[in-house]
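Working through the structure, step by step
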Amino acid sequence: GVQAASLSAIVPLTGGGHRRMIYLEGYQPKPNEDTELNTNTVGLNFFNTMGIPIVAGRDFNAHDREGSPRVVIVNEELARRYYAGNAVGKRLQIGSHTPYIEIVGVVRTAKYRDLREQPLPFVYIPMGQEYQSGMTLMVRTAGDPTSLAGPVRNAVRGVNKNVPVFS
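Report on the accompanying structure. The structure presented is a predicted model; accordingly, all values stated were derived computationally and were not measured.

Structural notes on the packing of aromatic side chains
Summed over the entire model, instances satisfying the criterion amount to seven aromatic pairs. Here the aromatic rings of phenylalanine 47 and phenylalanine 60 are separated by 6.2 Å at their centres, their planes lie at 40°, and the arrangement is tilted. Within this pair, whereas phenylalanine 47 is found in helix α1 (residues 46-50), its partner phenylalanine 60 is found in the loop between β4 (54-57) and β5 (71-75), the two being separated by 13 residues in sequence. For the pair phenylalanine 47 and phenylalanine 60, one class covers both residues: buried. Considering the side-chain rings of phenylalanine 47 and tyrosine 124, the 4.9 Å spacing of their centres and the 85° angle between planes classify their relative orientation as edge-to-face. Taken together, the residues phenylalanine 47 in helix α1 and tyrosine 124 in strand β8 (residues 122-126) connect sequence positions 77 residues apart. Among the aromatic residues, those joined into a cluster by ring pairs are Phe46, Phe47, Phe60, Tyr112, Phe122 and Tyr124.

Here it is, written out as structure tokens:
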């Protein structure tokens, strides 16, 4: 009954979030403009699991790991706001004095903290290039998700019995 699964540092629509200073190559912020933007570190297959379509470029893949060129995926709102809709191939920095990172994909803008929010610029970082000690396994199911809670818990314990499973 599992259709897709992935990992995420921040679970959408739980009210939480993570913001970082983003420096966009070729973009000069207006006076007092906030470019501290929302970010999330995600695993492979995240966008498919969450039902968020890729509208330009590519998804993360197994080559997006430590030691390979750094990449990110941004949402349509960020692409529209800062790159006139054409963000693939552009670069940004996460924090000051860091190397530039290439934007390899653009995904549809989705809700982040709650259903009432206005569209927010968003940067997704591949888990293989940014270690996070606390990740959440997200599973999309074909039927009642509660019926798979036990089997998913057992599958995780089968891989590593020391990994805590909760919520």
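The rest of the description comes next.
As for the side chain of arginine 20
On the secondary structure map, arginine 20 appears in strand β2 (residues 19-24). Residue arginine 20 is classed as buried on the basis of its relative accessible area, which comes to 17%. Here glutamate 130 takes part through its side chain, which lies 2.8 Å from a polar atom of the side chain of arginine 20. For arginine 20, the residues in contact, after removing those within four places along its chain, are Thr35, Glu36, Leu37, Thr39, Thr41, Ile94, Ile125, Glu130 and Gln132.

What counts as what
Residues numbered from 1 in each chain as written. Predicted model: local features only at pLDDT ≥ 70, side-chain atom pairs only at ≥ 80, totals over all residues. Heavy atoms only, no water. Phe/Tyr/Trp six-rings, centres within 6.5 Å; stacked < 30°, edge-to-face > 60°. Helix = DSSP H or I, 4+ residues; strand = E, 2+ residues; numbered from the N terminus. Buried < 20%, exposed > 50% of the residue type's maximum accessible area, 1.4 Å probe, protein only. Polar contact = N/O pair within 3.5 Å; in protein donor to acceptor, adjacent residues only side chain to side chain. Contact = heavy atoms within 4.5 Å.

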